[in-house]
Amino acid sequence: LNSGEPDLGKWNDGTTVYYGLGWGVLADTSMGEVVYHQGGMPGTSTIFLRNVTRGQTVILLDNVTHRNVRVAGVNILRLLNDQPEHHYKLPLARVYTSDLIDKGTDDALAHFNELKSDTDRYYLDEGELNALGYDMLQDGHSPEALETFRLNTLLFPSSWNVYDSYADILAKDGKKEAAILMYERAVQLNPQDDDGKRALLRLSTPGN
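Residues numbered from 1 in each chain as written. Predicted model: local features only at pLDDT ≥ 70, side-chain atom pairs only at ≥ 80, totals over all residues. Heavy atoms only, no water.

**Q** What should I look at first to understand the sheet that holds strand β1 (residues 7-10) in this one?
**A** Whether parallel or antiparallel, the strands of a sheet pair through hydrogen bonds between backbone atoms. Spatially, the six strands line up as an open sheet ordered β1-β2-β3-β4-β5-β6, and their pairing is antiparallel. Lying at the two open borders of the sheet, with one neighbouring strand each, are β1 and β6 (56-62). When strand polarity is set aside, the average angle formed by the axes of neighbouring strands in this sheet is 30 degrees. Pairing geometry for β1 and strand β2 (residues 16-20), over four bridges, is antiparallel. Along β2, the bridge assignment pairs Lys10 with Thr16. Packed on one face of the sheet, helix α1 (residues 69-80) meets β3 (23-26), β4 (34-41), β5 (44-51) and β6 and runs near 145 degrees to β6. (Pairing = 2+ DSSP bridges. Helix = DSSP H or I, 4+ residues; strand = E, 2+ residues; numbered from the N terminus. Axes fitted to C-alpha atoms, helices over the stretch in contact; angles between N-to-C directions. Contact = heavy atoms within 4.5 Å.)

In structure tokens form, the structure reads like this:
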């Protein structure tokens with residue numbers, strides 16, 4: 001950074017990483033200097049990891065967007081370097097959305113409430129739940145996507161983005177009045193939400 005300090009961050013499971021010049025860098029150097037870059041889109045996720053010290057490369061491509069290829073890739077490197085596999089926390093957002101599609105709203109919420117207090121085994125991330133909502137929408141699961149965005153507003157009520165995303169899907173689903181309420185809340189929390197302001201103007205215009 002401009003201050004001379006490293007750009008320090010953490011994965012959702014607590015892994016410490018740095019960022020620089022387009023590359024993520026693992027803070028843990030017990031198996032060598034490891035850099036990585038990842039990407040994805042609805043329906044696919046990828047990661048490229050390179051152990052610079054030992055000349056090892058791991059490339060993963062997955063057809064599930066949020067199965068956490070970072071964790072799998074690092075564990076492959078650990079196995080290559082005779083280190084035990086690390087058991088990371090599981091994404092509760094993924095469990096919930098899978099239950100939502102397979103078992104329905106009531107069972108999904110009941111299981112979610114059962115697991116959410118088990119913070120030793122599960123983590124919950126606002127952005128991950130949001131992204132999974134868009135994934136479900138992309139895959140034709142509109143009712144489940146709406147339920148996911150609605151839950152996100154209840155779990156993270158101080159985040160403007162969850163209201164903005166929920167409003168976006170409500171508007172596409174023809175629920176104009178509810179969408180306006182959500183956009184208004186998003187703009188209230190974040191006055192710089194220009195997309196939300198434009199959406200409010202559009203929805204408030206007669207004939208739209």
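Having seen the model, we can carry on.
**Q** Just to check I follow, could you spell out the side chain of Glu144 for this structure?
**A** Counting through the fold element by element, Glu144 comes out in helix α5 (residues 142-155). This buried residue, Glu144, is left without a salt bridge; Lys175 holds the nearest opposite charge, at 12 Å. Leaving out residues up to four positions away in the same chain, Glu144 has contacts with Leu100, Ile101 and Met136. (Buried < 20%, exposed > 50% of the residue type's maximum accessible area, 1.4 Å probe, protein only. Lys, Arg positive; Asp, Glu negative; His and termini not counted. Salt bridge = Lys/Arg side-chain N within 4 Å of Asp/Glu carboxyl O.)

**Q** Teacher, can you tell me more about the packing of aromatic side chains here?
**A** What describes a pair of aromatic rings is the distance from one ring centre to the other and the angle between the planes of the rings. The final tally for this structure, using the stated rule, is three aromatic pairs. For the pair Tyr96 and Phe112, a centre-to-centre distance of 5.6 Å together with 70 degrees between the ring planes defines the contact as edge-to-face. In this pair, Tyr96 is assigned in helix α2 (residues 92-103) and Phe112 in helix α3 (residues 105-115), connecting sequence segments 16 residues apart. For Phe112, a relative accessible area of 3% translates into the label buried. In this structure, Arg185 is placed above the aromatic ring of Tyr163, and the distance from its NZ or CZ to the ring centre is 5.8 Å. (Phe/Tyr/Trp six-rings, centres within 6.5 Å; stacked < 30°, edge-to-face > 60°. Lys NZ or Arg CZ within 6 Å of the ring centre and 35° of its normal.)

**Q** What should I look at first to understand the nonpolar core in this one?
**A** For soluble globular proteins, nonpolar side chains are generally found buried alongside one another. Ranked by internal contacts, the top residues of the largest apolar core, which has 30 residues, are Tyr96, Tyr166, Leu170, Met182 and Tyr183. For this core, the secondary structure elements donating two or more residues are α2, α3, α4 (126-138), α5, α6 (160-172), α7 (176-189) and α8 (194-204). Counting 15 residues, the second-largest nonpolar core is a separate cluster that includes Val17, Leu26, Met31 and Tyr88. (Core = buried A, V, L, I, M, F, W, Y, C linked by side-chain atoms within 4.5 Å.)

**Q** Explanation requested: the pattern of salt bridges in the structure shown.
**A** A side chain of one charge can pair with a side chain of the opposite charge when the charged atoms of the two come close. Evaluated as defined, the whole model comprises six salt bridges. Taking the shortest distance from any N to any O, the salt bridge between Glu147 and Arg150 comes out at 2.6 Å. Of this pair, Glu147 and Arg150 both sit in helix α5, separated by three residues, roughly a single helical turn.

**Q** What exactly am I supposed to notice about unusual backbone geometry here?
**A** Comment: phi is negative for the bulk of residues other than glycine, and the bulk of peptide bonds are trans. A positive phi angle, close to 55 degrees, is found at Leu21, a residue other than glycine. Within the element layout of this structure, Leu21 appears in the loop between β2 and β3. Under the relative-accessibility criterion, Leu21 is labelled exposed at 88%.

**Q** Is there a simple way to think about a nonpolar patch on the surface in this case?
**A** Nonpolar side chains collect at one region of the surface, where Trp23, Phe48, Ile59 and Leu61 lie side by side and expose about 420 Å² of accessible area between them. Examined against the element boundaries, Ile59 turns out to sit in strand β6. Here Ile59 falls in the exposed class, since its relative accessible area comes to 53%. (Patch = residues over 30% accessible without salt bridge, like charges linked within 9 Å, V, L, I, M, F, W, Y side chains within 5 Å. Areas by Shrake-Rupley, 256 points an atom, 1.4 Å probe, with all protein chains shown as cover.)

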